[in-house]
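The residues making up each chain are set out below.
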Amino acid sequence: MIKINGVDLPATPSSFQVTVLDLDDAEATKRTADGTMHRDRIAVKRKIDMSWGPLNWSDTAAILQAVQNEFFQCTYPDPMTGRMETKTFYVGDRVAPFAVSRGSEIYWTGLKLTLTER
């Protein structure tokens, strides 16, 4: 369901949250002395928070490599538009706690990342 640069992620996130962000012009948006808010909204963007349960090493690496470029295309279900959307995003911090090793395989649990629309 979620694609990065047209390729399905190797594992479905256990948690997926879309935030709709209003971006305001910092200089033009302010409150007057009577408390009235004056806004100059310049854009509406998306932020996507995703996390996974236990993942094998190769799936963890594939997800992290998919989002390693400065910017990339992400296709996701958008709650506001009610359809699949493809937008340009960048990734913030990527947390990948080590879980356990079994034989020669390492499993990571709790991989988390946040995508922010460009």
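Residues numbered from 1 in each chain as written. Predicted model: local features only at pLDDT ≥ 70, side-chain atom pairs only at ≥ 80, totals over all residues. Heavy atoms only, no water.

### Quick word on the sheet that holds strand β6 (residues 41-51)
A sheet is described by the order of its strands in space; here 7 strands give the open sequence β2-β1-β8-β9-β12-β6-β3, paired in antiparallel fashion. Every interior strand has two partners, whereas the edge strands, β2 (7-8) and β3 (15-24), have only one. Inspection of the sheet shows strand β9 (residues 83-95) paired to strand β12 (residues 112-117) by 5 bridges, in the antiparallel sense. From the neighbouring strand, Phe 89 faces β12, where its bridge partner is Glu 117. (Pairing = 2+ DSSP bridges. Helix = DSSP H or I, 4+ residues; strand = E, 2+ residues; numbered from the N terminus.)

### Describing the packing of aromatic side chains
For the structure shown, the criterion picks out 4 aromatic pairs. With centroids separated by 6.3 Å and ring planes inclined at 90°, the aromatic side chains of Phe 71 and Tyr 90 adopt a geometry described as edge-to-face. With Phe 71 in the loop between α1 (57-66) and β8 (72-78) and Tyr 90 in strand β9, the pair connects residues that are 19 residues apart, well separated along the chain. Look at Tyr 76 and Phe 89: their rings are 5.8 Å apart centre to centre, the planes differ by 85°, and that puts the pair in the edge-to-face class. Of this pair, Tyr 76 sits in strand β8 while Phe 89 is found in strand β9, placing the two residues 13 residues apart along the sequence. Of the two residues, Tyr 76 and Phe 89, both sit in the buried class. Among the aromatic residues, ring-to-ring pairing joins Trp 57, Phe 98 and Trp 108 into one connected group. A cation sits over an aromatic face here: Arg 102 above Tyr 107, 5.5 Å from the ring centre. Across the ring face of Phe 71, the terminal group of Arg 118 is positioned such that the distance to the ring centre comes to 4.0 Å. (Phe/Tyr/Trp six-rings, centres within 6.5 Å; stacked < 30°, edge-to-face > 60°. Buried < 20%, exposed > 50% of the residue type's maximum accessible area, 1.4 Å probe, protein only. Lys NZ or Arg CZ within 6 Å of the ring centre and 35° of its normal.)

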